Amino acid sequence: MVKQIRINRRKRTVSLLDYGAGNVRSVRNAITANGYEIEDITDPSQIDHAKVIIFPGVGSYRSAMNVLREKGYVEPLRRYLKDGSRPYLGICLGMQTLFQSSEEAPDGHDTMEGLGIIPGDVIKFDETKMTVPHIGWNGRVHHQDSPVFKYVNEEEDVYFVHSYYAPIVDENKDWVLTITDYGGERFISSIQQGSIVACQFHPEKSGKTGLNFIKGFLESVENGTLTTAKPLHIEPSKKTQLVKRVVVALDVRQNDHGDLVVTKGDQYDVRENEKEGVVAGRGGVRNLGKPVSLAKRYYDEGADEISFLNITSFRHGVIEDMPMLQVLEEASRSIFVPLTVGGGIRSYTDPDSGKTWDALEVASRYFRAGADKISIGSDTVDAAEAFISSGGVKTGKTSIETISHHYGDQAVVISIDPKRVYLAKKEDCANPRHVVVELEDSQAGPNGEKFCWYQCTVKGGREARDICAVTVAKAAEALGAGEIMLNCIDMDGQCNGYDHALMKAVSDAVRIPVIASSGAGKEQHFVNVFTATNVQAALAAGMFHRKEVEIESVKKHMKENGIPSRTHS
């Protein structure tokens, strides 16, 4: 009898180039989810000896190249990539830095030099022609048949978040693996030549599709097929399309027993009231479930993004907010779509130690825990008021400016919490900070008022400011915000649909993406807001938490009404 010997083949270790910016935790989790071990590159000499490198560039191009130079990584990377024979996967900035230069340069410079591996320059999308950044799920047109896409169907969308892109030119067309269309521009969404692969999209945020892309890359490195990519016949008329996003929000706070729970407000009041059978006084905090398990459920059901909004009152600050940081860390292990976190992202001083933490340090802690974007609320109104009072002078010190400078505009979401101030006539308001909006008959005020302006609030809606949502949105855009989460106190928890007048006024006034929030109660509300306004995403909470409406049914209804949505994979 011949004794069988079982050979346990160990998978190759991946060398990860984490230069210390943004959320790299999700890339780590995506690699380990595919069964591979990771070795961190902490010294330039490790690049020369690496078997396969993954470079997940997150943040701004200028920050990435500055850090690569400071750490002495530039020349070793150029040597590693020189003849194209050594496996490399660059993600987002990990692709952009391969080009000769980028317009995302330090102040006072037109361009910044890159690694110079691929001919061509990285340039910015034209903000006069399209909404910038390009955020969301879009498709790909393949120029090569590559083993990295072995487990990915061509119709599956992937997640993008960027303001700069690499155009196709004669000198780099042989590098093109896939192209994508946005706002009338056709850009390189992935490249391959030999063993060098890179993508503008984020596979670690593209759900199961992205995990399968990483699987295809690493598996082809293992079995020696990576270099077998072949050119495809290209249909010039074939185009891709950015879909509308369905975002799920989880309002997280401590209940009366100290547990972190998902709750939901009724016009921002998160405690149970007479609708839930409370006879007298205030009830307990609504408990709709545990944050991580609920978020995982929504990921499995097809949510395009998930937002954690920490509405706990902070006595010290989020640096000490270990429960919320642990929620992010745990969620990012099994959720591979974008995660936004908001609440307490500001500068503050610890009353016990006297140590001051600036907003960038606070945001960095959230990014390292697993957040892809951070949401700034009350601090946005303060910054907008100061910006307008100064005549439009940027200080470079606001939360929006410092975080966007380091991590890029696309990493900064501003959250606006306005409420209506009704007017009988448009002429009743002469304040230049108040943009007056005309209301539909069905949305008229309690005394039949047909006009209103949207007054911004801070501190969870408890304090009103003499400035409107449109004015704050425009100021925040000028300061460097990349996206707006637009709430409405009047519509919150009412399940009567979004405030179209507000959504249209703001989305028409800015060139950055707007997420509609507050008021969704059924599938048609998503169709209505996407049809009537220019918002790129719509957010809901309570109707999903209570299982009154399923995410899949929302997307199905959108498609039936001609609104593009991502097919769940």
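Undergrad: Hey, could you go over the overall build of the protein chain for me, with residue numbers and the actual values?
TA: A tally of regular secondary structure across the protein chain gives 16 helices and 30 strands. Looking at the protein chain as a whole, 58% of its 569 residues are labelled buried. Of the contacts made within the protein chain by residues no fewer than 6 positions apart, 72% connect residues no fewer than 24 positions apart. For the protein chain, the accessible area works out to roughly 23500 Å², and carbon and sulfur atoms hold 47% of it.

Undergrad: Summarise the side chain of His-143; cite the residues concerned and give the values.
TA: Positionally, His-143 belongs in the loop between β9 (141–142) and β10 (144–145). Those residues in contact with His-143 that lie beyond four places of it in its chain are Val-176, Leu-177, Thr-178, Ile-179, Lys-230, Pro-231, Leu-232 and Ile-234.

Undergrad: Before we move on, could you go through the confidence of the model for the protein chain and cite the residues and values that matter?
TA: Residue-level pLDDT values for the protein chain average 90, and 90% of them are 70 or greater. Considering only residues more than four positions removed or in separate chains, one finds that residues 1–8, a stretch of pLDDT under 50, has 0 contacts. Note on residues 275–288: pLDDT under 50 across the span, and 41 contacts to partners over four residues away in sequence or across chains.

Undergrad: Describe the packing of aromatic side chains, listing the residues and the values that go with them.
TA: Inspection of every chain in the model, using the stated rule, returns 14 aromatic pairs. Pairwise contacts between aromatic rings join Phe-125, Phe-149, Phe-160, Tyr-165, Tyr-182, Phe-187, Phe-201 and Phe-213 into one cluster. If you follow Lys-355 out to its NZ or CZ, it ends over the ring of Trp-357, 4.6 Å from the centre. Above the ring of Trp-137, the side-chain terminus of Arg-566 is found at 3.9 Å from the ring centroid.

Undergrad: Describe the environment of Asp-382, listing the residues and the values that go with them.
TA: Structurally, Asp-382 is set in helix α10 (residues 378–389). The class for Asp-382 is partly exposed, based on a relative accessible area of 34%. Sequence separation between Asp-382 and Thr-398 is 16 residues; the distance between their C-alpha atoms is 9.1 Å.

Undergrad: Any chance you could break down the sheet that holds strand β1 (residues 14–16) for me, citing the residues and the numbers?
TA: Across the sheet, which stays open at both edges, the 8 strands sit in the order β2-β1-β3-β4-β15-β14-β13-β9 with mixed pairing between neighbours. Every other strand in the sheet has two partners, leaving β2 (38–40) and β9 as the edge strands with one partner each. The sheet contact formed by β1 and β2 spans 3 bridges and is parallel. Bridge pairing links Leu-16 to Asp-40 in β2.

Undergrad: Requested: an account of the packing of helix α12 (residues 469–479) against helix α13 (residues 500–509), with residues and values cited.
TA: The contact between α12 and α13 brings their axes to 9 Å, and the two run at 30°. Classified by the angle their axes make, α12 and α13 are roughly parallel. Considering the relative orientation of α12 and α13, their crossing is right-handed. Here Ala-469, Val-470, Ala-473, Lys-474 and Glu-477 of α12 come into contact with α13, specifically with Leu-502, Ala-505, Val-506 and Ala-509. Of the residues contributing to the contact of α12 with α13, the split by class is 7 nonpolar, no polar and 2 charged.

Undergrad: Pulling in residues and values, what's your account of the pattern of salt bridges?
TA: Should their charged atoms come close, side chains of opposite charge can pair. Scanning all chains against the criterion turns up 33 salt bridges. Where Arg-78 meets Glu-75, a salt bridge forms, and the shortest distance between an N and an O atom there is 2.8 Å. Separated by 3 residues within a single helix, Arg-78 and Glu-75 lie in helix α4 (residues 74–81), roughly one turn from each other. The partly exposed category is assigned to Glu-75, whose relative accessible area is 43%.

Undergrad: Please give an account of α12 that cites residues and values.
TA: Within α12, 8 of the 11 residues are buried, which leaves the element mostly enclosed by the surrounding structure. All of the buried residues in α12 are Ala-469, Val-470, Thr-471, Val-472, Ala-473, Ala-475, Ala-476 and Leu-479. After α12 finishes, the residue Gly-480 shows a positive phi value of roughly 120°.

Undergrad: Tell me about the pairing of strand β28 (residues 483–486), and name the residues and values.
TA: Two faces belong to every sheet, and in a regular strand the side chains alternate between them. Residue alternation in β28 divides its side chains into two sets, Glu-483 and Met-485 and Ile-484 and Leu-486, and both sets are buried. Sheet analysis places β28 next to strand β29 (residues 514–516), joined by 3 bridges and oriented parallel. Pairing of Leu-486 across the sheet is with Ala-516, part of β29.

Undergrad: Please set out helix α7 (residues 291–301) residue by residue, giving values where relevant.
TA: Taken together, the buried positions of α7 are occupied by Pro-291, Leu-294, Ala-295, Arg-297, Tyr-298 and Tyr-299. Phi turns positive one or two residues past the end of α7, at Gly-302, with a value near 105°.

Undergrad: Can you lay out the side chain of Ser-60 for me, pointing to particular residues and giving the numbers?
TA: Tracing the chain through its elements places Ser-60 in the loop between β3 (53–57) and α3 (61–70). We classify Ser-60 as buried; its relative accessible area is 0%.

Undergrad: Now, about the pairing of strand β7 (residues 118–124): what can you tell me, with residues and values included?
TA: Where strand β5 (residues 99–102) meets β7, 3 bridges bridge the pair, whose relative direction is parallel. Within β7, the residue paired with Ser-101 across the bridge is Asp-121.

Undergrad: Before we move on, could you go through the sheet that holds strand β12 (residues 164–165) and cite the residues and values that matter?
TA: Here we have 4 strands laid out as an open sheet, ordered β6-β5-β7-β12, and mixed in their pairing. Looking at strand neighbours, the two that pair on one side only are β6 (112–113) and β12, the edges of this open sheet.

Calculation notes
- Residues numbered from 1 in each chain as written.
- Predicted model: local features only at pLDDT ≥ 70, side-chain atom pairs only at ≥ 80, totals over all residues.
- Heavy atoms only, no water.
- Helix = DSSP H or I, 4+ residues; strand = E, 2+ residues; numbered from the N terminus.
- Buried < 20%, exposed > 50% of the residue type's maximum accessible area, 1.4 Å probe, protein only.
- Contact = heavy atoms within 4.5 Å.
- Areas by Shrake-Rupley, 256 points an atom, 1.4 Å probe, with all protein chains shown as cover.
- pLDDT = per-residue confidence, 0-100.
- Phe/Tyr/Trp six-rings, centres within 6.5 Å; stacked < 30°, edge-to-face > 60°.
- Lys NZ or Arg CZ within 6 Å of the ring centre and 35° of its normal.
- Pairing = 2+ DSSP bridges.
- Axes fitted to C-alpha atoms, helices over the stretch in contact; angles between N-to-C directions.
- Parallel < 35°, antiparallel > 145°, perpendicular 65-115°, else oblique.
- Left-handed = near helix turned anticlockwise from the far one by under 90°.
- Nonpolar A, V, L, I, M, F, W, Y, C, P; charged D, E, K, R; others polar.
- Salt bridge = Lys/Arg side-chain N within 4 Å of Asp/Glu carboxyl O.

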